[in-house]
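These are the residues of each chain, in order.
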Amino acid sequence: MPDPVDFAVPGFIALVLAEMLVARARDHRRYCPKDTLTSLMLGFGSTIASAIVGGTVFALASWTHQFRLFDIPYVWWAWPLCFVLDDLAYYVFHRSAHRVRWFWASHVIHHSSQHYNLSTALRQTWTGFLSIAFIFRLPLFLIGFPPAMVFFCAGLNLIYQFWIHTEVIGRMPRWFEAVMNTPSHHRVHHATNPRYLDTNYAGVFIVWDKMFGSFTPELDEDRPRYGLVKNLGTFNILWAAFHEWVGIARDLWRAPWGSKLGYAFGPPGWSHDGSRDTSETIRAKWLGRQHPVRDERIGLPLMPEGGHGTVPRHESGLVPHRP
């Protein structure tokens, strides 16, 4: 069965060019030529990586499928069911990719741009096989969905996610925003603002985030800022693709024996001595500045240590990842 993404690539390129023209007329800062070229090269590298390991992944899926609980045929009702369950599997993967550093090392490439436009959607992993991200779809094969059907639905999922990587579109109609993932919802996911960290993991249906408590709406008074807590500072595509794996290797080498697993499978930013910040600590510090504890004796706020009751502009953007 063909990969639908292959047929969508010309459309991706056409839409990127169209958005560049819109950006040129409205706000040329939305596109940076070097950043866009980096995104295109990273997308090309991801295509090559997928071609190299695709056969192995399909073989593993087929081997798993022999232990299936049911024989689900290629009938009309199986396709939408497979699409919805695949999107749920994607949600679980995506949430894990932000909460487990091993998966984040593969996913971080997608969030390495400080711009948010359609070319950003093309920044896809080169190391998904290394991070064994395919395990999140194994339950679908065990249920009984044919591997070809699952991978086809996964391709449609990826195609859907392309158009939501834009600032050109504000908000969709309310009924659409309530059910589907949209540019507004996904801008939140990519934002580095403390209030937006680790939210809106949806692929197609935003209802998963609302069901599992990870939804946050985009606020006009807190416009998303994009990038990493420590931006790469380079357009080197090899560093963009592998820098987090290098970081894991360094930490594993230096860490005490009892803490090594935490640097690989703990949340991004975790450290055995608490010297680094995770999403939780960044959000907690931000909330502490937004809502300082009041001294009831004199009615004045007790400022958090080193704080002034509000988030300094230069600090509020320094947060780990965001997709």
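For the structure, see preceding data.
Read on for a plain summary of the structure. (Residues numbered from 1 in each chain as written. Predicted model: local features only at pLDDT ≥ 70, side-chain atom pairs only at ≥ 80, totals over all residues. Heavy atoms only, no water.)

A few words now on the overall build of the protein chain. Along the protein chain, the regular secondary structure elements total 13 helices and two strands. Across the 323 residues that make up the protein chain, the buried fraction comes to 47%. Taking the contacts inside the protein chain whose residues are at least 6 apart along the sequence as the reference set, 72% of them involve residues at least 24 apart. (Helix = DSSP H or I, 4+ residues; strand = E, 2+ residues; numbered from the N terminus. Buried < 20%, exposed > 50% of the residue type's maximum accessible area, 1.4 Å probe, protein only. Contact = heavy atoms within 4.5 Å.)

This structure, assessed with the given rule, holds 21 aromatic pairs. Centre to centre, the rings of Phe-12 and Phe-162 are 4.2 Å apart; their planes meet at 20°, and the pair counts as stacked. Placement of Phe-12 in helix α1 (residues 4-26) and of Phe-162 in helix α6 (residues 147-162) is noted, with a sequence separation of 150 residues between them. Classification of Phe-162 as buried rests on a relative accessible area of 4%. Their ring planes at 75° and their centres at 5.0 Å tell us that Trp-63 and Phe-67 sit as a pair that is edge-to-face. Taking relative accessible area as the criterion, Phe-67 reaches 46% and is therefore assigned partly exposed. (Phe/Tyr/Trp six-rings, centres within 6.5 Å; stacked < 30°, edge-to-face > 60°.)

With that settled, consider the packing of helix α3 (residues 78-99) against α6. Running from amino to carboxyl end, α3 crosses α6 at an angle of 65°, the nearest separation of the two axes being 9 Å. Crossing of α3 over α6 shows right-handed handedness. Contacts from Ala-78, Trp-79, Cys-82, Phe-83, Asp-86, Asp-87 and Tyr-90 in α3 reach Met-149, Val-150, Phe-152, Cys-153, Ala-154, Leu-156, Asn-157 and Gln-161 in α6. Looking at the contact of α3 with α6, its residues break down into eleven nonpolar, two polar and two charged. (Axes fitted to C-alpha atoms, helices over the stretch in contact; angles between N-to-C directions. Left-handed = near helix turned anticlockwise from the far one by under 90°. Nonpolar A, V, L, I, M, F, W, Y, C, P; charged D, E, K, R; others polar.)

Another point: the side chain of Asp-86. Considering the arrangement of structural elements, one finds Asp-86 in helix α3. Its relative accessible area of 0% is what places Asp-86 among the buried residues. Excluding residues within four positions of it along the chain, Asp-86 makes contact with Arg-137, Leu-140, Val-150, Cys-153, Ala-154 and Asn-157.

The subject of this paragraph is the environment of Arg-195. By the element assignment, Arg-195 lies in the loop between α8 (183-190) and α9 (207-211). Arg-195 sits in the partly exposed class, given a relative accessible area of 29%. As a C-alpha pair, Arg-195 and Glu-218 span 23 residues in sequence and 9.8 Å in three-dimensional space. A distance of 2.6 Å separates the side chain of Arg-195 from the side chain of Asp-222, its partner in a polar contact. (Polar contact = N/O pair within 3.5 Å; in protein donor to acceptor, adjacent residues only side chain to side chain.)

Next up on the list: α1. The terminal C-alpha atoms of α1, which comprises 23 residues, lie 32 Å apart, in line with the 33 Å expected from a rise of 1.5 Å per residue. The sharpest bend along α1 comes to roughly 30°, located at Pro-10. Taken as a whole, α1 has its buried residues at Pro-4, Val-5, Ala-8, Phe-12, Val-16, Glu-19 and Ala-23. By the N-cap criterion, in which a side-chain oxygen at the helix start approaches the backbone nitrogen of a residue two or three places on, α1 is capped by Asp-3, the distance to Val-5 being 3.0 Å. (Expected span 1.5 Å × (residues − 1). Bend = angle between axes of the 7 residues up to and from the residue.)

Our next topic: the side chain of Arg-187. Tracing the backbone through its elements, the reader meets Arg-187 in helix α8. Apart from residues lying up to four places away in sequence, Arg-187 is in contact with Tyr-116, Thr-166, Glu-167, Ile-169, Gly-170, Glu-218, Pro-224 and Tyr-226.

Below, the discussion takes up the pattern of salt bridges. Scanning all chains against the criterion turns up 14 salt bridges. Residue Arg-187 pairs with Glu-218 through a salt bridge whose shortest N-O separation is 3.0 Å. With Arg-187 in helix α8 and Glu-218 in the loop between α9 and α10 (237-254), the pair connects residues that are 31 residues apart, well separated along the chain. Overall, Arg-187 belongs to the buried group, its relative accessible area being 5%. A salt bridge links Asp-222 to Arg-225, with the shortest nitrogen-to-oxygen separation between them at 4.0 Å. A relative accessible area of 30% means that Arg-225 is categorised as partly exposed. (Salt bridge = Lys/Arg side-chain N within 4 Å of Asp/Glu carboxyl O.)

In this structure, Thr-127 sits in the loop between α4 (101-107) and α5 (138-143). Residues contacting Thr-127, with those up to four places away along its chain left out, are Ala-105, Ser-106, Phe-242 and Trp-245. Here Ser-106 takes part through its side chain, which lies 3.3 Å from a polar atom of the side chain of Thr-127.

Another point: unusual backbone geometry. Non-glycine residue Ile-132 carries a positive phi angle of around 50°. Counting through the fold element by element, Ile-132 comes out in the loop between α4 and α5. For Ile-132, a relative accessible area of 36% puts it in the partly exposed group.

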